[in-house]
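Structural features, examined
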Amino acid sequence: PVEEIKEFDLDFWAVQRRAFHEFDVTDEAALDQILAWERDVLIPFGKRWFGVRIDDAFAGFGALLLHGPAGYVDNVVTVPHARRRGVAGSVVLRIVAEARTAGAQRVFLLADQPGPIRLYGRLGFRECGRIASSLRPLRP
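Because the structure is predicted, anything quoted here is derived from the model rather than measured. (Residues numbered from 1 in each chain as written. Predicted model: local features only at pLDDT ≥ 70, side-chain atom pairs only at ≥ 80, totals over all residues. Heavy atoms only, no water.)

**Here's the deal with the pairing of strand E3 (residues 57-67)**
What counts here: Remark: exposure states derive from per-residue accessible area (1.4 Å probe, protein chains only) relative to the maximum for the residue type, with buried under 20%, exposed over 50%, and partly exposed in between. What counts as a helix is a DSSP run of H or I of at least four residues, what counts as a strand is a run of E of at least two, and both are numbered from the N terminus. One bridge is not enough; two strands pair if DSSP finds at least two bridges between them.
In terms of burial, E3 is a largely internal element, eight of the 11 residues being buried. Bridge analysis of strand E2 (residues 48-54) against E3 gives seven bridges, and the strand direction is antiparallel. Bridge assignment links Val52 to a residue of E3, and that residue is Gly60. Hairpin connection between E2 and E3: a loop of two residues separates the two successive antiparallel strands, and Asp55 in this loop has a positive phi of roughly 55°. As defined by bridge partners, E3 adjoins strand E4 (residues 70-78) across seven bridges and the pair is classed as antiparallel. When the sheet's bridge partners are listed, Ala63 is paired in E4 with Asp74.

Spelled out as structure tokens, the structure:
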């Protein structure tokens, strides 16, 4: 089952710190800034977190940001030992359901790796554009 995470304790933030390594963020100063931004700006703004626990430990999670008629799926991660068990798919489906319940007419996410792109396609997402940045230039 996917639960909404309401308490952001030290365990949650420790898991988040490790999870950002999956997004290739390993610099400790950068991690401190990102986690402070999540804790002090995005959660008070309304970012909601959802997760799955296996054996009482986080196996995966993701977040939802809402803005008007748009929902945004963010930070979807499954810990390595829990992959290929439906964790990410369950989290994303719960986030989409919560966004729809809250009135979102569209739900978006960003993905740039083949595995997640395939997963999101199976869940009903389709490509609607491409994004490039100075960190990851647009691939052909």
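**A word on unusual backbone geometry**
Glycine aside, residues mostly have negative phi, and peptide bonds are mostly found in the trans state. Even without glycine at this site, Asp56 takes up a positive phi of about 65°. Residue Asp56 is classed as exposed on the basis of its relative accessible area of 66%.

**Section: the sheet that holds E2**
Stated precisely, the cut-off is as follows: In this analysis, axes come from line fits to C-alpha atoms, helices being fitted only over the stretch in contact, and the angle between any two N-to-C directions falls in the range 0 to 180 degrees. Any pair of residues with heavy atoms lying within 4.5 Å of one another is described as a contacting pair.
Taken together, the five strands give an open sheet; going across it, the order is E1-E2-E3-E4-E5, and neighbouring strands pair in mixed fashion. Only two strands of the sheet have a single neighbouring strand rather than two, namely strand E1 (3-5) and strand E5 (106-108). Looking at each pair of strands side by side, their axes are set apart by 30° on average, direction ignored. In this fold helix H3 (residues 87-101) packs onto E1, E2, E3, E4 and E5, with an angle of close to 25° to the strand it touches most, E3.

**Here's the deal with the packing of aromatic side chains**
Put simply, the rule is: A pair of aromatic rings is counted whenever rings of Phe, Tyr or Trp (Trp by its six-membered ring) have centres within 6.5 Å, and the orientation is called stacked for planes under 30 degrees apart, edge-to-face for over 60 and tilted otherwise. Charge over a ring is defined by NZ of Lys or CZ of Arg lying within 6 Å of the ring centre and within 35 degrees of the ring normal.
Inspection of the entire model under this criterion finds nine aromatic pairs. Judged by centre distance (5.0 Å) and plane angle (70°), the rings of Phe8 and Phe12 are edge-to-face. Taken together, a centroid distance of 6.1 Å and an interplanar angle of 85° make the contact between Phe58 and Phe61 edge-to-face. Here Phe58 and Phe61 have matching classes, each one buried. Each residue in the set Phe8, Phe12, Trp13, Trp49, Phe58 and Phe61 is aromatic and connected to the rest through ring pairs, giving one cluster. The ring of Phe58 has Arg53 lying over it, and the distance from NZ or CZ to the ring centre is 4.2 Å.

**Overview of the nonpolar core**
Operational definition: Among buried residues, the Ala, Val, Leu, Ile, Met, Phe, Trp, Tyr and Cys ones that are joined through side-chain atoms within 4.5 Å form a nonpolar core.
Ranked by size, the top nonpolar core spans 22 residues in total, and within it Val73, Val92, Val107, Tyr120 and Phe125 carry the most contacts. Contributing elements (two or more residues each) for this core: E2, E3, E4, H3 and helix H4 (114-122). At seven residues, H3 tops the list of elements feeding residues into this core. Excluding residues within four positions of it along the chain, Val107 makes contact with Gly71, Val73, Val96, Ala99 and Phe125. Grouped together as the second largest cluster of nonpolar side chains are 15 residues, Val25, Leu31, Phe61 and Ala63 included.

**Details of the environment of Leu31**
Relative to the assigned elements, Leu31 resides in helix H2 (residues 28-45). What Leu31 contacts, discounting residues up to four positions off in sequence, is Arg17, Phe20, His21, Val25 and Thr26.

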